[in-house]
Amino acid sequence: MNLFDDADDDLPLAPGALKLGGFARDIDVALLAAVADIARDAPFRHLVTPGGLRMSVAMTNCGEAGWVSDRTGYRYESCDPESGRPWPAMPQLFRDLAARAAARAGFADFQPQACLVNRYVPGSKLSLHQDRDERNLVEPIVSVSLGLPATFLWGGATRAERPHRLPLVHGDVVVWGGPSRLNFHGIDTLPQGAHPATGALRYNLTFRRVR
Ligand code: SIN
Ligand code: FE2
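Residues numbered from 1 in each chain as written. Chains lettered and ligands numbered in written order. Predicted model: local features only at pLDDT ≥ 70, side-chain atom pairs only at ≥ 80, totals over all residues. Heavy atoms only, no water.

A.B. asks: Run through the site of ligand 1, naming residues and quoting values.
C.D. replies: Lining the immediate surroundings of ligand 1 are Asn118, Tyr120, Leu126, His129, Ser143, His185, Ile187, Arg202, Asn204, Thr206 and Arg208. In the model, an oxygen atom of ligand 1 is placed 2.9 Å from a nitrogen or oxygen of the Arg202 side chain. Look at ligand 1: alone it shows 260 Å² of surface, and the protein chains cover 99% of it. Sorting the residues of the shell around ligand 1 by element identifies β6 (114–120), β7 (126–129), β12 (185–187) and β13 (202–208) as the ones contributing at least two each. In terms of residues, the shell around ligand 1 owes the most to one element, β13, which gives four residues. Of the residues assigned to the shell around ligand 1, the class counts are three nonpolar, six polar and two charged. (Near = heavy atom within 4 Å. Polar contact = N/O pair within 3.5 Å; in protein donor to acceptor, adjacent residues only side chain to side chain. Areas by Shrake-Rupley, 256 points an atom, 1.4 Å probe, with all protein chains shown as cover. Helix = DSSP H or I, 4+ residues; strand = E, 2+ residues; numbered from the N terminus. Nonpolar A, V, L, I, M, F, W, Y, C, P; charged D, E, K, R; others polar.)

Structure representation (structure tokens):
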């Protein structure tokens, strides 16, 4: 029995944007095991922004392309710059989840090429930004939350629009595409906490079509 049924509803955020409450919860153990496998091959690291700041969120990737940042800019790379090897392959479980979530939000046949894996500790945050380093802006972003709860900042088409604050818990999925594809978004400073599945961590998987 789920005592928080209403949190499992589909919640429209804007045209082309939908929160799917609890959509990934039933495969959480397998998702987290896959994250651990990925991180053994391509360890989490704190990237540096073009401005020289160390990001508080630790990141890695799987798939045929991975998102990286350094002093020269943001981009997608087919190999992990740390090892020189291709990023770990994207597990079928990830592909299936991303495609099912996208379809539910109205985006048929989503085939992600990149999965950015974010790891947050309490105190980490991701400032308001747009996902715009992909050459493909037709396909949606699919974002999966695991572990500690967080506050998603869901903004508009311009940075000036004050973001809505939306709770995201373990197993929630957010999809944004179409007219919302370039909306500003972020994660507010993660509060202290402990989650039965992850301890004092939050993970986020974002699936993207890059090319
Ligand atoms: C992102 O904006 O790429 C990640 C958002 C999140 O961690 O939920
Ligand atoms: Fe993003």
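A.B. asks: I'd love a proper account of the sheet that holds strand β1 (residues 10–14), names of residues and values included.
C.D. replies: With respect to topology, seven strands assemble into an open sheet ordered β1-β2-β11-β8-β13-β6-β3, the strand pairing being antiparallel. Only two strands of the sheet have a single partner each, and these edge strands are β1 and β3 (58–63). Each adjacent strand pair in this sheet contributes to an overall mean axis angle of 20°, direction not counted. Bridge count for strand β2 (residues 17–20) against strand β11 (residues 173–176) is four bridges, and the pairing is antiparallel. Residue Leu20 lies in a different strand from β11, and its bridge partner there is Val173. Strands in contact with helix α2 (residues 92–104) are β1, β2, β3, β6, β8 (141–147), β11 and β13; relative to β8, the strand with the most contacts, it is inclined by about 115°. (Pairing = 2+ DSSP bridges. Axes fitted to C-alpha atoms, helices over the stretch in contact; angles between N-to-C directions. Contact = heavy atoms within 4.5 Å.)

A.B. asks: An account of the coordination of the iron ion (ligand 2) is needed here, citing residue identities and associated values.
C.D. replies: At the metal site, the iron ion (ligand 2) is ligated by His129 (NE2), Asp131 (OD) and His185 (NE2), and these contacts range over 2.1 to 2.2 Å. Written as a sequence motif, the donor residues of the iron ion (ligand 2) are H-x1-D-x53-H. The class for Asp131 is buried, based on a relative accessible area of 5%. (Donors = N, O, S within 2.8 Å, 3.2 Å for Na, K, Ca; no water. Buried < 20%, exposed > 50% of the residue type's maximum accessible area, 1.4 Å probe, protein only.)

A.B. asks: Explain the side chain of His195 to me, and be specific about the residues and the numbers.
C.D. replies: Mapped onto the elements of the fold, His195 is located in the loop between β12 and β13. Residue class for His195 comes out buried when judged on its relative accessible area of 17%. If we ignore the near neighbours within four places in the chain, the residues touching His195 are Gly147, Leu148 and His170.

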